[in-house]
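# Structural overview for review
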Amino acid sequence: MGVDPAGCWVAVETDEGADRTVGFAISQNRGGLWFLATYGVLPSHQGQGIGKRLMDAALAHADGRPGIFSSSVHPGATRRYRLAGFSLHPQMRMVGVVDRSTLPAVDGLREGRADDFEWMDGLDQDLRVAGHGPDHGYMLDTLRLVVSRDRARPGYVYIDDRGRASLLAAAERETAQRLLWEALASAQGNTLVNCITTPNEWAVDVGLAAHLDIGQEGYIAVRDMPVPAPYLASGHFL
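Here is a short report on the structure shown in this document. Every value quoted in this text rests on a predicted model; they were computed, and no experiment measured them. (Residues numbered from 1 in each chain as written. Predicted model: local features only at pLDDT ≥ 70, side-chain atom pairs only at ≥ 80, totals over all residues. Heavy atoms only, no water.)

### Here we look at the pattern of salt bridges
This structure, assessed with the given rule, holds 13 salt bridges. Here the residues in one salt-bridge network are Arg-110, Asp-116 and Arg-151, joined through shared partners. (Salt bridge = Lys/Arg side-chain N within 4 Å of Asp/Glu carboxyl O.)

Okay, here's the thing in structure tokens:
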């Protein structure tokens, strides 16, 4: 929010002189791309037009940019997203304990550094209209970054402290699969691979090979752009 505060909105109810937050929308512009990081209205205040006003404010901040976000299956929210011109693409998820006997030997990767951000933003630009910019710095402070050493076949993955892929981008599917296998090799106990769309079935193939179970969860919503691939979106940074 400190980078692009104009995209952040709250709905406030005043009762007996005290303000109470009843809804919020956090959206961000990164170059030529807009994304919605999070959005919600208290159940007690849904159906009163608050969500529409928050979404209208967030979309106005997009100023015509292509947009992307991860959506729940809430019928009121999905209706609002579709009416705003977004295409809703169902997502899959893979869950379970990795069968470690299935882990392949993975080479061609190294630990990522801040001096990788420039080419990572170039890859992001190719896949999702714009780079992550300052979000990379935040993620590097809180997550492990692994990158492909081969600049002709670039890719990267952020891995959280439980060994889950938090954001993955690659120029081609073989690099994407190697990066995902690296994340699965770090998994501790039950793991999760999410935000898998149909153009990213390469991730399903890896998850099935690792003996994870497949299920469904929500949608990736996009407007004026294709679904990124090979790419596994971050829930908050998309």
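Next, the rest of the story.
### Quick notes on the state of the cysteines
Counted by the stated rule, this structure contains 0 disulfides. Cys-8 takes part in no disulfide bond, and the closest cysteine sulfur, belonging to Cys-195, lies 20 Å away. Judged by relative accessible area, which is 4%, Cys-195 ranks as buried. (Disulfide = S-S within 2.5 Å. Buried < 20%, exposed > 50% of the residue type's maximum accessible area, 1.4 Å probe, protein only.)

### Re the sheet that holds strand 7 (residues 144–148)
If you trace the 5 strands from one edge of the open sheet to the other, you get 6-7-8-9-12, paired in antiparallel fashion. Strands with a single pairing partner mark the edges of an open sheet, and in this sheet they are strand 6 (109–111) and strand 12 (231–232). Pairing analysis gives 2 bridges linking strand 9 (residues 165–170) to strand 12, with the strands arranged antiparallel. Looking across to strand 12, one finds that Leu-168 is bridged to Leu-232. Along the sheet face, helix 4 (residues 134–142) touches strand 7, strand 8 (155–159) and strand 9 and points at about 50 degrees away from the line of strand 8. (Pairing = 2+ DSSP bridges. Helix = DSSP H or I, 4+ residues; strand = E, 2+ residues; numbered from the N terminus. Contact = heavy atoms within 4.5 Å. Axes fitted to C-alpha atoms, helices over the stretch in contact; angles between N-to-C directions.)

### Regarding the pairing of strand 8
Here strand 8 lies mainly inside the structure; 5 of its 5 residues are buried. Side chains Gly-155, Val-157 and Ile-159 project from strand 8 onto one buried face, and the interleaved Tyr-156 and Tyr-158 project onto a second face that is buried too. Inspection of the sheet shows strand 7 paired to strand 8 by 4 bridges, in the antiparallel sense. The residue bridging Val-147 from the neighbouring strand is Tyr-156, located in strand 8. Following strand 7, the chain reverses through 6 residues before pairing antiparallel with strand 8. Pairing of strand 8 with strand 9 involves 5 bridges; the strand directions are antiparallel. The residue bridging Tyr-156 from the neighbouring strand is Ala-169, located in strand 9. Here strand 8 folds back onto strand 9 in antiparallel fashion, the turn holding 5 residues, of which Gly-163 has a positive phi close to 80 degrees.

### Details of the packing of helix 3 (residues 117–128) against helix 4
The packing of two helices is summarised by the inter-axis angle and the distance between the axes. Put simply, helix 3 and helix 4 touch, their axes get as near as 10 Å, and they point 120 degrees apart. By the criterion of interaxial angle, the relationship of helix 3 to helix 4 is oblique. Classified by chirality, the crossing of helix 4 by helix 3 is right-handed. Note on element contacts: helix 4 touches helix 3 through His-136, Gly-137 and Leu-140, opposite Phe-117, Met-120, Asp-121 and Asp-124. (Parallel < 35°, antiparallel > 145°, perpendicular 65-115°, else oblique. Left-handed = near helix turned anticlockwise from the far one by under 90°.)

### Points about the sheet that holds strand 1 (residues 8–15)
Taking strand neighbours across the sheet as the criterion, the 7 strands line up as 1-2-3-4-11-5-10 in an open arrangement whose pairing is mixed. If you trace the sheet from one side to the other, it starts and ends with strand 1 and strand 10 (190–196), each paired once. Direction aside, the axes of adjacent strands within the sheet are offset by 20 degrees on average. Strand direction decides the pairing type here: strand 5 (residues 87–97) and strand 10, joined by 5 bridges, are antiparallel.

### Section: the pairing of strand 5
Looking along a regular strand, one sees the side chains alternate between the two faces of the sheet. When strand 5 meets strand 11 (residues 213–223), the two strands line up antiparallel, connected through 8 bridges. Counted as the bridge partner of Met-94 is Ile-214 from strand 11.

### A closer look at a nonpolar patch on the surface
A cluster of nonpolar side chains, namely Val-10, Val-12 and Phe-24, defines an oily patch on the protein surface of about 250 Å² accessible area. By secondary structure assignment, the location of Phe-24 is in strand 2 (residues 18–30). (Patch = residues over 30% accessible without salt bridge, like charges linked within 9 Å, V, L, I, M, F, W, Y side chains within 5 Å. Areas by Shrake-Rupley, 256 points an atom, 1.4 Å probe, with all protein chains shown as cover.)

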